[in-house]
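Breakdown of the fold
Residue strings, one per chain:
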Amino acid sequence: MDKMTLAWPEKVTFCEVGLRDGLQNEKTIPSVEQKLELLNSVVASGVKIIEVGAFVHPKAVPQMADTDALCRAMKKVDGVEYRALVPNIKGVQRAFDAGLTKAKLTVSASEAHCLANFNSTPVKMVEGFADCVEFAAKNNMVLSGAISTSFGCPFIGKVPVEMVENAVRSFVKLGITELSLSDTTGMANPRQVFDLGTHMIRAFPEVQWVMHFHNTRDMALANIVTAIQAGVRLFDGAFAGLGGCPFAPGASGNVASEDVIHMLHEMGIETGVDLLKAMDTARMAARFVGHEAGSAVLKAGRCQDLVKEKAKAQNNK
Ligand code: ZN
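In short, a report on the structure. This one's a predicted model, so the numbers in the text were calculated from it and none came from an experiment.

Comments concerning the pattern of salt bridges
The tally for this structure, following the rule as stated, stands at 12 salt bridges. Here K104 and E51 are joined by a salt bridge, their closest N and O atoms 2.8 Å apart. Taken together, the residues K104 in strand β4 (residues 102-108) and E51 in strand β2 (residues 49-54) connect sequence positions 53 residues apart. For the pair K104 and E51, one class covers both residues: buried. Note that D236 is salt-bridged to R83, the shortest N-O span being 3.5 Å. With D236 in strand β10 (residues 234-237) and R83 in strand β3 (residues 81-86), this residue pair connects regions lying 153 residues apart in the sequence.

Re the layout of surface pockets
Computed from the structure, the largest pocket encloses a volume of approximately 850 Å³. Taken together, 28 residues line the largest pocket, and the ones lying closest to its centre are R20, Q24, L85, T106 and F118. Elements with a minimum of two residues in the lining of the largest pocket: α1 (18-22), β3, β4, α5 (111-118) and β5 (142-148). Of the residues forming the lining of the largest pocket, the biggest block, 4 residues, is contributed by β4.

A closer look at helix α4 (residues 89-97)
Every buried residue of α4 is listed here: G91, V92 and A95. Axial view of α4: buried residues confined to an arc of 100 degrees, hence all on one face. When the buried face of α4 is taken as reference, the exposed residues oriented beyond 90 degrees from it are K90 and D97. The inward-facing, buried residues of α4 contact β3, β4, α7 (130-138) and β5. Its side-chain oxygen 3.2 Å from the backbone nitrogen of K90, N88 forms the N-cap of α4. Downstream of α4 by a residue or two, G99 has a phi angle that is positive, lying close to 95 degrees.

With respect to the packing of aromatic side chains
All told, the structure shown has 4 aromatic pairs when counted by the stated rule. Pairing F129 with F171 gives two aromatic rings, centres 6.1 Å apart and planes at 25 degrees, and the pair type is stacked. Remark: F171 occurs in helix α8 (residues 161-173) and F129 occurs in the loop between α6 (122-127) and α7; sequence separation between them is 42 residues. On the basis of relative accessible area, F129 is assigned to the buried category, the value being 3%. Aromatic pair F151 and F213: ring centres 5.9 Å apart, planes at 40 degrees, arrangement tilted. Here F151 is found in the loop between β5 and β6 (152-153), whereas its partner F213 is found in strand β9 (residues 208-213), with 62 residues between them in sequence. Note on F151: relative accessible area 1%, which makes it buried.

So, the sheet that holds β9
Spatial strand order, β1-β2-β3-β4-β5-β8-β9-β10: 8 strands in a closed barrel with parallel pairing. Direction aside, neighbouring strands of the sheet carry axes that sit 30 degrees apart on average. One ladder, built from 7 bridges, connects β4 with β5; its direction is parallel. Each bridged residue has a counterpart across the sheet, and for K104 the counterpart in β5 is S144. Along the sheet, helix α2 (residues 32-44) makes contact with β1 (13-16), β2 and β3, crossing β2 at roughly 165 degrees.

Conventions used here
- Residues numbered from 1 in each chain as written.
- Predicted model: local features only at pLDDT ≥ 70, side-chain atom pairs only at ≥ 80, totals over all residues.
- Heavy atoms only, no water.
- Salt bridge = Lys/Arg side-chain N within 4 Å of Asp/Glu carboxyl O.
- Helix = DSSP H or I, 4+ residues; strand = E, 2+ residues; numbered from the N terminus.
- Buried < 20%, exposed > 50% of the residue type's maximum accessible area, 1.4 Å probe, protein only.
- 1 Å grid on protein atoms, 1.4 Å probe; cavity = no way out; pocket = protein on both sides within 12 Å on 5 of 7 lines; lining within 4 Å.
- Points joined across faces, edges and corners; volume = space filled by probe spheres on them.
- Arc of directions from axis to C-beta.
- Contact = heavy atoms within 4.5 Å.
- Polar contact = N/O pair within 3.5 Å; in protein donor to acceptor, adjacent residues only side chain to side chain.
- Phe/Tyr/Trp six-rings, centres within 6.5 Å; stacked < 30°, edge-to-face > 60°.
- Pairing = 2+ DSSP bridges.
- Axes fitted to C-alpha atoms, helices over the stretch in contact; angles between N-to-C directions.

Structure, rendered in structure tokens:
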């Protein structure tokens, strides 16, 4: 390359995780009817991959206790992927019973985090998912994997690449090749994301990568940009930036879907999502949880709105 040029992709796929990761840390839990309204609004905006909830123990995460009810009540639209987060075979079975064909298994890349929470290592935990793989194969379900604390962990700080690789390798061995690298604690920085992204894409070409950022320290959009430069094409986000952070009370949550979509469209990268409709969803979500959205574009409006306002003001002079 004689000039510094970057080839940006024409399209990036956006996955909405607000109904799961967004709501699971909220104090005010929307009703099933309200969740349905949110879901319908997400579908209407054009999002094609939606995480609708989690099949975890209702006592551990009461916000997700009605995921079964939500799945049974929702009308599936063709071409939209509906998935849920599951911790184990019980979760996979519940997802299947509720009519889902996709479930996401999760493990922490950090050994210290994994040992503290599950008294197991990441590799052993993923090996334990063999029963899930068997069940999924028999029942025509697709499994994906999420690797939390892929960048930073409250126990050890920066997570070494080898730890993430160990978790990835274990998933790949089981035949699970759609993997999400998650910055659960909002500790990832753009350079780290670029380095890990390029490394992983090179080391595991068979994997379909997703990246999942929290905006705890305002680095999420920058992280998405460098992840795109590294070659990642799938990103999660949550409407209204819901989610908070269990380790930092009062901190921002997931990166706001509407901020991601707005940025990508401004960059000339298609998402297939109607931004104005995504903003409506975010307003609805903020109303349901009873607090302001953690979203720049909801506060400031779109870039193009500002231009219009200026033109109008000038015309009125
Ligand atoms: Zn998350």
